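What follows is each chain in one-letter form.
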Amino acid sequence: KQRHEYKLLMEDKPSPMTIERAEALNDIGFEWVVKPDNDEAWQRRYDELKQFRARTGHCRVPYRFTENKALGWWVSKQRREYKLLM
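Scoring rules and cut-offs
- Residues numbered from 1 in each chain as written.
- Predicted model: local features only at pLDDT ≥ 70, side-chain atom pairs only at ≥ 80, totals over all residues.
- Heavy atoms only, no water.
- pLDDT = per-residue confidence, 0-100.
- Helix = DSSP H or I, 4+ residues; strand = E, 2+ residues; numbered from the N terminus.
- Core = buried A, V, L, I, M, F, W, Y, C linked by side-chain atoms within 4.5 Å.
- Buried < 20%, exposed > 50% of the residue type's maximum accessible area, 1.4 Å probe, protein only.
- Contact = heavy atoms within 4.5 Å.
- Patch = residues over 30% accessible without salt bridge, like charges linked within 9 Å, V, L, I, M, F, W, Y side chains within 5 Å.
- Areas by Shrake-Rupley, 256 points an atom, 1.4 Å probe, with all protein chains shown as cover.
- Salt bridge = Lys/Arg side-chain N within 4 Å of Asp/Glu carboxyl O.
- Phe/Tyr/Trp six-rings, centres within 6.5 Å; stacked < 30°, edge-to-face > 60°.

1. Considering the confidence of the model for the protein chain
Averaged over all residues, the pLDDT of the protein chain is 88; the fraction at 70 or higher stands at 95%. Element-level mean pLDDT values for the protein chain span from 84 in helix H1 (residues 2-10) up to 93 in helix H3 (residues 39-56).

2. Concerning the nonpolar core
Among the nonpolar cores identified, the biggest contains seven residues, and these are Leu49, Phe52, Val61, Phe65, Leu71, Trp74 and Val75. Sorting the residues of this core by element identifies H3 and helix H4 (69-85) as the ones contributing at least two each. Broken down by element, this core gets its largest block of residues, three residues, from H4. In this structure, leucine 49 is in contact with Cys59, Val61, Leu71, Trp74 and Val75, ignoring residues within four places of it in sequence.

3. A few points about a nonpolar patch on the surface
A cluster of nonpolar side chains, namely Tyr82, Leu85 and Met86, defines an oily patch on the protein surface of about 410 Å² accessible area. Take leucine 85: it is sitting in helix H4.

4. With respect to the packing of aromatic side chains
On inspection of all chains with the given rule, the structure shows three aromatic pairs. Here the aromatic rings of tryptophan 42 and tryptophan 74 are separated by 5.6 Å at their centres, their planes lie at 65°, and the arrangement is edge-to-face. With a gap of 32 residues between them, tryptophan 42 in helix H3 and tryptophan 74 in helix H4 connect regions that are remote in the sequence. Given the relative accessible area of 33%, tryptophan 42 is considered partly exposed. For tryptophan 74, a relative accessible area of 6% corresponds to the buried category. Between phenylalanine 52 and phenylalanine 65, the aromatic rings sit 5.3 Å apart at their centres with planes inclined by 85°, giving edge-to-face as the arrangement. A residue pair is termed long-range when its members are at least 10 positions apart, and phenylalanine 52 in helix H3 and phenylalanine 65 in the loop between H3 and H4 qualify at 13 residues. With relative accessibility at 12%, the residue phenylalanine 65 sits in the buried group. One aromatic cluster in this structure is built from Trp42, Tyr46 and Trp74.

Next up, the structure:
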């Protein structure tokens, strides 16, 4: 959430983030850019998603997908990350 609000602040868009708040977070070592995911782990989930799609015909993996909880979480995360790019 803080990263998103910071991005809005930097784009001069409405945000509850202020320069003072950003500086306070900087002072305690807050990382604005998260280290990229492990490429191997990302590829593994991507391959699982391809298998899911082959089986179901779509990529709408439920967040609480009981068959593979990690895949449901990963798909949800990919959507959130995509929205941040927009």
